[in-house]
Amino acid sequence: MSQRKADYVDDVDVDDDWDSQPTDDELAATVENLEASGFDVEVVADAEAALDVLVDKIPAGASVMNGHSTTLEEVGFDDYLNEGDHDWENLAADIWSIDDDEERDAARREAQTADYFLGSVNGIAQDGTLVAADLSGSRVGAYPFAAKNLLLVAGVNKIVEDVEAARERLHEYAYEFENQRAQDAYGVESAPAKELVYRQEGTEGRTTVVLVEETLGY
């Protein structure tokens, strides 16, 4: 089932200014500040190039898990993980093959410590701070520490002036779409219940932010 922004745009009342593209100077400043905060940064032109970066960074034999991300779906990573030519351990496929709810939840917790965990964020402040949230914590739980390596991909439309604006974008824009998606996918409403403000990465090379010069995700 497709779960892209276009599927819900008629069902939400949002300010489209939250999806504006940054200027060249704003993008350059954001990249500089992300790197100064300990994040590795790759800036790519489009979704196809983003997928190439993600695939190239994950070595054969690595365990791989992804939190739900419309952006990952849009760049083609979900399809590649499930159907592509790779030699990774697909933890998501293993998890969803488990019938027992308690056993599946335990596997989801364990998957937070994957060799490579992939996801996205809901806002990126120009000072180099990342903002993300989800209802259960099954996505953002891996971001601060649990995953050995973290790959975050986001359209540059998520770049905003400061942390306050990034949090406002999360609550007023991204989660209007996410709430609609959750109702379709799970039959329940969502909420930004567990919010992460990710200001700095202290482990060199652990976290890579792939910025795509397209409008992607929520």
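Fair warning: this is a prediction, and the values are worked out from it, not measured in the lab. (Residues numbered from 1 in each chain as written. Predicted model: local features only at pLDDT ≥ 70, side-chain atom pairs only at ≥ 80, totals over all residues. Heavy atoms only, no water.)

Undergrad: Help me out: how do you make sense of the overall build of the protein in this one?
TA: When you go through the protein residue by residue, the secondary structure sums to 7 helices and 10 strands. By the compact-globule yardstick of 17 Å for 218 residues, the protein fits well, its C-alpha radius of gyration being 16 Å. For the protein, the C-alpha atoms occupy an extent of roughly 45 × 40 × 30 Å along the three principal directions. Within the protein, the fraction of its 218 residues that count as buried is 52%. (Helix = DSSP H or I, 4+ residues; strand = E, 2+ residues; numbered from the N terminus. Rg over C-alpha atoms; globule rule 2.2 N^0.38 Å. Buried < 20%, exposed > 50% of the residue type's maximum accessible area, 1.4 Å probe, protein only.)

Undergrad: Please clarify how the sheet that holds strand β3 (residues 89-90) should be interpreted in this entry.
TA: Two pairing modes exist for strands in a sheet, parallel and antiparallel, and in both the strands are linked by backbone hydrogen bonds. Strands sit in the order β1-β10-β7-β4-β2-β3 across an open sheet of 6 strands; the sheet is parallel. At either margin of the open sheet sits one strand with a lone partner, and together these are β1 (40-44) and β3. As defined by bridge partners, strand β4 (residues 116-119) adjoins strand β7 (residues 149-155) across 4 bridges and the pair is classed as parallel. By the bridge assignment for β7, Leu118 is matched with Leu151. (Pairing = 2+ DSSP bridges.)

Undergrad: Would you take a moment to explain the sheet that holds strand β9 (residues 194-198) for this structure?
TA: What the 4 strands build is an open sheet, ordered β8-β5-β6-β9; its pairing is mixed. Here the strands that pair on one side only, and so sit at the sheet edges, are β8 (159-160) and β9. Relative to strand β6 (residues 130-134), strand β5 (residues 123-125) is paired through 2 bridges, and the arrangement is antiparallel. By the bridge assignment, Gly123 is partnered in β6 with Val131. Set on the sheet, helix α1 (residues 24-36) makes contact with β5, β6 and β8; between it and β5 the angle comes to about 85°. Docked against the sheet, helix α7 (residues 163-186) engages β5, β6, β8 and β9, running at close to 35° with respect to β6. (Contact = heavy atoms within 4.5 Å. Axes fitted to C-alpha atoms, helices over the stretch in contact; angles between N-to-C directions.)

Undergrad: Would you mind showing me how to read the packing of aromatic side chains here?
TA: By convention here, two paired aromatic rings are described through the distance between centres and the angle between planes. For the coordinates displayed, the defined rule picks out 6 aromatic pairs. Ring centres 6.0 Å apart and planes at 25° place the aromatic pair Phe77 and Trp88 in the stacked group. Separated by 11 residues along the polypeptide, Phe77 in helix α4 (residues 77-83) and Trp88 in the loop between α4 and β3 bring together distant segments of the chain. With a relative accessible area of 0%, Phe77 lands in the buried category. (Phe/Tyr/Trp six-rings, centres within 6.5 Å; stacked < 30°, edge-to-face > 60°.)

Undergrad: Explanation requested: the pairing of β4 in the structure shown.
TA: Here is the key point about a regular strand: its side chains alternate between the two faces of the sheet. Burial along β4 is two-sided: the residues Tyr116 and Leu118 and Phe117 and Gly119 are all buried. Here strand β2 (residues 63-66) runs beside β4; their pairing, made up of 3 bridges, is parallel. Following the sheet pairing, Asn66 is matched in β4 by Leu118.

Undergrad: Looking at this structure, how should I read a negative patch on the surface?
TA: A contiguous patch of negative charge on the surface is contributed by Asp13, Asp15, Asp16, Asp17, Asp127, Glu161, Asp162, Glu164, Glu168, Glu172 and Glu176. What makes Asp17 exposed here is its relative accessible area of 57%. (Patch = residues over 30% accessible without salt bridge, like charges linked within 9 Å, V, L, I, M, F, W, Y side chains within 5 Å. Areas by Shrake-Rupley, 256 points an atom, 1.4 Å probe, with all protein chains shown as cover. Salt bridge = Lys/Arg side-chain N within 4 Å of Asp/Glu carboxyl O. Lys, Arg positive; Asp, Glu negative; His and termini not counted. Charge placed at Lys NZ, Arg CZ, Asp CG, Glu CD.)

Undergrad: It is not clear to me how helix α6 (residues 101-111) should be interpreted in this structure. Could you clarify?
TA: For an α-helix the count is 3.6 residues per turn, leaving residues at separations of three or four pointing the same way. Turning to α6, its buried residues are Arg104, Ala107 and Ala111. The buried residues of α6 all sit within an arc of 60° when viewed along its axis, so they share a single face. Along α6, the residues that are exposed and aim more than 90 degrees away from the buried face are Glu102, Arg109 and Glu110. Summarising the contacts, the buried residues of α6 are in contact with β2, α5 (91-96) and β4. (Arc of directions from axis to C-beta.)

Undergrad: What is the right way to look at the pattern of salt bridges in this model?
TA: Once their charged atoms are close, side chains differing in charge can pair, the charge on each being opposite to the other. The tally for this structure, following the rule as stated, stands at 5 salt bridges. Here Arg169 ties to Asp19 by a salt bridge, and the two come within 3.1 Å at their closest N and O atoms. Of this pair, Arg169 sits in helix α7 while Asp19 is found in the segment before α1, placing the two residues 150 residues apart along the sequence. Classification of Arg169 by relative accessible area gives buried; the value is 0%. Here Arg206 ties to Glu201 by a salt bridge, and the two come within 2.9 Å at their closest N and O atoms.

Undergrad: Is there a simple way to explain the side chain of Thr207 in this structure?
TA: Locating Thr207 in the fold gives a position in strand β10 (residues 207-212). A polar contact is formed between the side chain of Thr207 and the side chain of Arg206, at a distance of 3.3 Å. Setting aside residues no more than four positions away along its own chain, Thr207 makes contact with Phe39, Asp40, Leu150, Leu152, Tyr198 and Glu201. (Polar contact = N/O pair within 3.5 Å; in protein donor to acceptor, adjacent residues only side chain to side chain.)

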